[in-house]
Amino acid sequence: MELCVLRVMAEGPTYGYAIAAELAAAGFGDIKGGTLYPLLARLEKNGLVTVEWRPGEGGPGRKYFTLTAAGRDQLDAGLAQWQVFSATVSDHLSPTGTDQMASPAGSRTYSRSTT
Amino acid sequence: MSSSLPSRPSSQEVWERPFVKTHDAWCGDFVLELRLRDVPGPVIGDRLAEVETHCTETGEAPSDAFGDPTDYAARLDHDSAPERAQGVWTVTAAGAAQVPAILVGISAVPAWARGEPLTYNVGQVACLGLLLLVLLSLPLLLRPMLRHPWIIGGPLFAVVFLGVGVAALSSRADLPTVAQLPAPVVAIGLFLAVLVLAWIEYRELARDIEGDLVTSPLEAPPGQPAATARHRRWVTIAPACLGPAAYLAFAALGWLAA
């Protein structure tokens, strides 16, 4: 989740509700404030974002979060790690090699260990 | 917190905000939990403003968006400010120490008025010991008492009230005297002690109170001013004056009744 939030912030300064809305639009479902804001507080505490309150347009105000250089480095490193992880898992799960030859026409069977 | 607090459009005590008034119970529990975790006032105001802006945008209630206020405050993982926690304990200790000083001091006044020494029998000393035990256990009881004032505070109040009643009955019983003290010295000496403790309390409350108010970084609604200096002065003066004022009032009643 932290990586996804950092990715949203890479587009520019943004605020909590906009982050939740963008993640929801991306298919992450309804992100509750109780989940999002502790994460944002941790990013702030670790110096990955800076914060600024701006007067609201029709509202009381908004707290904007901006990625710092450290936050951008964290995002880049996280994306690289995720891509390696994702490729490894995809390779492992893809139906190729002896497994495919052993199973007839897409009817692969998976055994689950009981231990 | 590692980052400094941001520039603020305006500053207003959170209790004046309509959102906080509407969701009084949730916001009160949230602020109390963060206070108990020694989070500085402006940081608490900042976190509460996050809740307000999020709920304003989503139309949700704080309990729906953030869940239980105590659990949510625990998840925020703030750095505490130990020097503020020490200040809270200084005020609590000074306030607690005033209680036995007032009880013993005002009991000396009627004896002084009658020209007699202040005497304590076994029963009264036992009740005074019970009271001191309750006061010494305050460091353990304070946190649960603030969280559950009726569940913890009620029985505690009952124990103290019972102790005072037993002490009053003991004074009429024919029990052996274990202490005999000069009443004027006790009455005046303990009043001075109460004054000193009140001064310590006032000094601690006045120190940096403006910097520790729970203020919101959000714009104040039209027509709602920021907290006034007058209000802030009363916050420091009123609790400190309470002990000496109570002492004088009960002492005067004791003198007149003697």
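Above this text sits the structure in question.
Residues numbered from 1 in each chain as written. Chains lettered and ligands numbered in written order. Predicted model: local features only at pLDDT ≥ 70, side-chain atom pairs only at ≥ 80, totals over all residues. Heavy atoms only, no water.

**Points about the overall build of chain B**
- Check the secondary structure of chain B and you find 12 helices and four strands.
- Counting over 258 residues, chain B shows a buried share of 39%.
- Intrachain contacts of chain B at a sequence separation of at least 6 include 85% that bridge at least 24 residues.
- Total accessible area on chain B stands at roughly 13700 Å², and carbon and sulfur atoms take up 67% of it. (Helix = DSSP H or I, 4+ residues; strand = E, 2+ residues; numbered from the N terminus. Buried < 20%, exposed > 50% of the residue type's maximum accessible area, 1.4 Å probe, protein only. Contact = heavy atoms within 4.5 Å. Areas by Shrake-Rupley, 256 points an atom, 1.4 Å probe, with all protein chains shown as cover.)

**Comments concerning the overall build of chain A**
- Regarding its fold elements, chain A presents five helices and three strands.
- A buried classification covers 34% of the 115 residues belonging to chain A.
- Counting every atom, chain A has about 7000 Å² of accessible surface; 55% of that belongs to carbon and sulfur.

**Brief notes about the sheet that holds strand β2 (residues 49-54) of chain A**
All names here are of chain A.
- Pairing in this open sheet of three strands is antiparallel, and the strands run β1-β3-β2 from one edge to the other. One side of each edge strand has no neighbouring strand; the edge strands of this open sheet are β1 (14-15) and β2.
- On top of the sheet, helix α1 (residues 2-9) reaches β1, β2 and β3 (62-67); it is set at about 95 degrees to β3, its chief contact. (Pairing = 2+ DSSP bridges. Axes fitted to C-alpha atoms, helices over the stretch in contact; angles between N-to-C directions.)

**Some remarks on the interface of chain A and chain B**
- Of the residues lining the interface, 22 residues belong to chain A; the matching set on chain B comes to 29 residues.
- When chain A packs against chain B, close to 2200 Å² is buried across both sides, 54% of that on carbon and sulfur atoms.
- Area buried by chain A at its contact with chain B is led by Lys45, Trp53 and Pro60 of chain A, which between them contribute 35% of it.
- At the surface where chain A touches chain B, the tally comes to five salt bridges.
- Taking the shortest distance from any N to any O, the salt bridge between Lys32 of chain A and Glu60 of chain B comes out at 2.6 Å.
- Counting across the interface, chain A meets chain B through nine residue pairs in polar contact (both at pLDDT 80 or more).
- Sorting the residues of the side of chain A that touches chain B by element identifies α3 (33-45), β2 and β3 of chain A as the ones contributing at least two each.
- Take the side of chain A that touches chain B: its biggest share by element is seven residues, from α3 of chain A.
- Here the side of chain A that touches chain B is composed, by residue class, of 10 nonpolar, six polar and six charged. (Buried area = accessible area lost by both parts, 1.4 Å probe. Salt bridge = Lys/Arg side-chain N within 4 Å of Asp/Glu carboxyl O. Polar contact = N/O pair within 3.5 Å; in protein donor to acceptor, adjacent residues only side chain to side chain. Nonpolar A, V, L, I, M, F, W, Y, C, P; charged D, E, K, R; others polar.)

**Structural notes on the nonpolar core**
- Among the nonpolar cores identified, the biggest contains 40 residues, and Val5, Met9, Leu40 and Leu43 of chain A are the most heavily contacted of them.
- Sort the elements by how many residues they give to this core and α3 of chain A lands first, with six residues.
- Leu40 of chain A has contacts with Val5, Met9, Gly16, Ile19, Val49 and Phe65 of chain A, leaving out every residue within four places of it along the chain.
- Ranked by size, the runner-up nonpolar core spans 16 residues in total, among them Tyr120, Ala183, Val186 and Val194 of chain B. (Core = buried A, V, L, I, M, F, W, Y, C linked by side-chain atoms within 4.5 Å.)

**Some remarks on the packing of aromatic side chains**
- Applying the stated criterion across every chain, the model contains 11 aromatic pairs over all chains.
- Note on Phe191 of chain B and Tyr247 of chain B: the rings are 5.1 Å apart at their centroids and 50 degrees apart in plane angle, and the pair reads as tilted. In this pair, Phe191 of chain B is assigned in helix α10 (residues 183-206) and Tyr247 of chain B in helix α12 (residues 229-257), connecting sequence segments 56 residues apart. Each of the two residues, Phe191 of chain B as well as Tyr247 of chain B, counts as buried.
- Taken together through their ring pairs, the aromatic side chains of Tyr37 of chain A together with Trp26, Phe30, Phe66 and Tyr72 of chain B make up a single cluster. (Phe/Tyr/Trp six-rings, centres within 6.5 Å; stacked < 30°, edge-to-face > 60°.)

**Description of the packing of helix α2 (residues 16-28) of chain A against α3 of chain A**
Residue and element names in this part refer to chain A.
- Running from N to C, α2 and α3 cross one another at 120 degrees; their axes reach a closest spacing of 11 Å. With respect to α3, the axis of α2 lies oblique. The two elements α2 and α3 meet at a crossing, and its hand is right-handed. When α2 is examined against α3, the residues Gly16, Tyr17, Ile19 and Ala20 are found in contact with a partner set consisting of Leu36, Tyr37 and Leu40.
- Across the contact of α2 with α3, the residue classes break down as six nonpolar, one polar and no charged. (Parallel < 35°, antiparallel > 145°, perpendicular 65-115°, else oblique. Left-handed = near helix turned anticlockwise from the far one by under 90°.)

**What to know about the side chain of Asp46 of chain B**
- With respect to the element layout, Asp46 of chain B can be found in helix α3 (residues 41-58).
- Residue classification places Asp46 of chain B among the buried positions, given a relative accessible area of 0%.
- Among the polar contacts made by the side chain of Asp46 of chain B, one reaches the side chain of Trp53 of chain A at a distance of 2.7 Å.

**What to know about the pattern of salt bridges**
- In the structure shown here, the tally under the stated rule is 13 salt bridges over all chains.
- A salt bridge links Lys63 of chain A to Asp46 of chain B; its shortest N-O distance comes to 2.6 Å. Note that Lys63 of chain A is positioned in strand β3 and Asp46 of chain B in helix α3, a pairing that runs across two chains.
- For Lys63 of chain A, a relative accessible area of 4% translates into the label buried.
- The residue Glu116 of chain B makes a salt bridge to Arg114 of chain B at a minimum N-O spacing of 3.2 Å.
- Given the relative accessible area of 39%, Glu116 of chain B is considered partly exposed.
- By relative accessible area, Arg114 of chain B is classed as partly exposed at 49%.

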